[in-house]
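The residues making up each chain are set out below.
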Amino acid sequence: SCDEASCIFCSDTFLSVFNSNSFFLVIPGEHLRICPQEYTCCTSEMEDKLSQQSKLEFENLVEETSHFVRTTFVSRHKKFDEFFRELLENAERSLNDMFVRTYGMLYMQNSEVFQDLFTELKRYYTGGNVNLEEMLNDFWARLLERMFQLINPQYHFTEDYLECVSKYTDQLKPFGDVPRKLKVQVTRAFIAARTFVQGLTVGREVANRVSKVSPTPGCIRALMKMLYCPYCRGLPTVKPCNNYCLNVMKGCLANQADLDTEWNLFIDAMLLVAERLEGPFNIESVMDPIDVKISEAIMNMQENSMQVSAKVFQGCGQPKPAPALRSSLSMADVFNLFSLSSLNQVTDIKEKLKLSKKFWSTLPYTICKDERVTAGPSVEEDCWNGHTKARYLPEIMNDGLTNQINNPEVDVDITRPDTFIRQQIMALRVMTNKLKNAYNGNDVNFQDTSDETSGSGSGSGCTDDICPTEFDFITTEAPPVDSDRREVEASATQPGWSLQTLLIVFISLVLQRQWR
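In the annotation of an unreviewed UniProt entry, the entry for the chain reads Glypican 6, and the organism field reads Otus sunia. In its Function (unreviewed entry) section, the UniProt record describing the chain reads: "Cell surface proteoglycan." Under the heading Sequence similarities (unreviewed entry), UniProt records this for the chain: "Belongs to the glypican family."

In C-alpha cells, the structure reads:
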C-alpha cells in the first residue's frame, strides 16, 4: 500500500519529470483516470504529465531499438553506392588509358563513342530512362560506323551510307561474338546492381518511417499504467512484469508487427539478388575487363575488315573515293588482364540483412528484454502487473493487429489498420517483385528524377546454362515489353478484330518466341 515514506522516496523521480520543488504526500486516488484509484502519490495533473512522459519514453525506446536495422540500410546503401560508382569510374579510366596507349590519336578522335557508353551506364544505374539492350546495340552500331571509315580511308561516306552500314551489325557480326556476350553480362549485372541498391533505398526509407511511432490514446494509457503507476502507488523500485510488458508492446506495435511478413519476403529477395551479384551477375567481373573485351572486338573487326567491307559494298553500294587518303588503322595486342577481387561489399551486406529478418515481430520482445524497462523474464512474482506487485496472469497475445482483439492492456481497434503502415507494406511488396524480376535477369521499371520510367525490354540477360533456376512468384505489375510488342498488345484490346487478324497476331507471337 502507498504511504508517506514511499511517496517521499518517489520524489526524486517526480522532480526530474516536473522540474518542481513540490513535496509529494499520500492522498486518496478517486481522481485518477489511469492508475488504480487507491491511496496515491499522484495528482490528476501529475498523471497527465506522466502520460506524456511515457509517450516520449516509448517513442525513444522504439527509435533506439530500431537503430541497428536503420543504420544497416543507411550505411550499406552508402558503401555499395560508392563502391559501384567507383567501379564504373575505374573501368572508364582503365579503358581510356589502355586505348590511348594502344590506338593513340585514332581513339582520341572517336573517344566520345566510349564516353557516351559509360555515361548511359551511369544513368541507367541511377534510375534513368535507359534501355540497356538498345543502348548497347547503338554503341556497337556507332563503333562499326567509325571503324568502317578507318579501315576504308580511301572512300568518302555520307551519313546515309553510314546508317546503311550500321544495319549490317547483327548480320555480319564484324566484332565477333563479343557484343552478344557483353550484352548478356552487362544487362544482367546492371539490372541486379541497380535493383539491389534500390532495394537498400526502400529498406532504409521503410525502416526510418516505421521507427517513428505515433502511439494511440489507448497505447499511451497502457504505457502510463505500466511505467509510472508503480511510482504513483509508492513502488518506485518495482519494475513491470515481462509478460505484462509484452502485451502492452504488442498492443502498441500491432500495426508494425503486420509489416513483418512482407519485410521478411523483401529481405529474402534481397539476399537472393545478393547471391547473384556474388556469382553469375558479378558486376566486378563484367566491368574490370571491359576495356579488354572491347579491344578484342576491335581486333575481330580488323581481322574481318576485308570480308565486312565487301559485303557492305555489295549491300549499300560502292562509295565515292575520298579526296585524300587518311592513315589506315594500326592496332597492337596489348591486353591487360588482371585478377578480380571478390565482391566483399555484397557479402558484408548479406550478413547484416540476415540479422534484420523478423525485426518488426520481435520488436516487443527486444524492448521488454531491456533491464531499464522490465524486471526480466526470470522475475515473475516481485514485479508490477498493472495493479500491484504480483504475478501477471493474463496470457500473452499473438503478433499482429487482428490478434489484439482481446488484448487485456491496450484498447486496439482491429477494424482500422494504420494507413501509413499499409503504404509501407505495399512499398515492400512492389520492391520485392522487382527484386525477384532482377534475380531472374529481367529488367524492372524505376522512376527517375524526371518522373520517367526506365526503358523496358532489356531482356533476361541469361542463357539456359547460366540462369537455369528461376524464382517463381506472382507479380503485381505487367512485365516489360519492347515497343513493337507493346503496340500489338495495346491494339489487341480494341474491339472489332476479325478471326483472321487474331490468327495472324497469334502466329507472329509464336514465331517471335521460337526465334528467341
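A.B. asks: I'd like a description of the state of the cysteines, backed by residues and values.
C.D. replies: Within this structure, the stated rule accounts for six disulfides. A sulfur-sulfur distance of 1.9 Å marks the disulfide that ties C35 to C229. Disulfide C35-C229: the torsion about the S-S bond is -90°, which places it as left-handed. Here C229 lies in helix α11 (residues 229–232) and C35 lies in the loop between α1 (4–18) and α2 (44–65), a separation of 194 residues in the sequence.

A.B. asks: Help me get a handle on the pattern of salt bridges, residues and values and all.
C.D. replies: Following the criterion strictly, the structure yields 22 salt bridges and no others. The salt bridge partner of D348 is R76, with a shortest N-O separation of 2.9 Å. With D348 in helix α18 (residues 344–355) and R76 in helix α3 (residues 67–103), this residue pair connects regions lying 272 residues apart in the sequence. Of the residues examined, D348 reaches a relative accessible area of 26% and is grouped as partly exposed. R76 sits in the buried class, given a relative accessible area of 14%. When the shortest N-O distance is used, the salt bridge between D268 and K357 registers 2.9 Å. Separated by 89 residues along the polypeptide, D268 in helix α14 (residues 260–278) and K357 in the loop between α18 and α19 (359–369) bring together distant segments of the chain. The class of D268 is partly exposed, set by a relative accessible area of 30%. Taken together, the shared-partner salt bridges connect E64, D370 and R372 into one network.

A.B. asks: Any chance you could break down the nonpolar core for me, citing the residues and the numbers?
C.D. replies: In terms of nonpolar packing, the biggest core is built from 127 residues, with F80, F114, F190, W263, M287 and I294 touching the most fellow members. Considering each element in turn, this core owes the most residues, 15 residues, to helix α9 (residues 178–211). Aside from chain neighbours lying at most four places away, what touches F80 is Y125, A193, F196, V197, L200, L277, Q345, V346 and I349.

Conventions we followed
- Residues numbered from 1 in each chain as written.
- Predicted model: local features only at pLDDT ≥ 70, side-chain atom pairs only at ≥ 80, totals over all residues.
- Heavy atoms only, no water.
- UniProt positions renumbered as here; feature names shortened; annotations may be inferred.
- Disulfide = S-S within 2.5 Å.
- Helix = DSSP H or I, 4+ residues; strand = E, 2+ residues; numbered from the N terminus.
- Salt bridge = Lys/Arg side-chain N within 4 Å of Asp/Glu carboxyl O.
- Buried < 20%, exposed > 50% of the residue type's maximum accessible area, 1.4 Å probe, protein only.
- Core = buried A, V, L, I, M, F, W, Y, C linked by side-chain atoms within 4.5 Å.
- Contact = heavy atoms within 4.5 Å.

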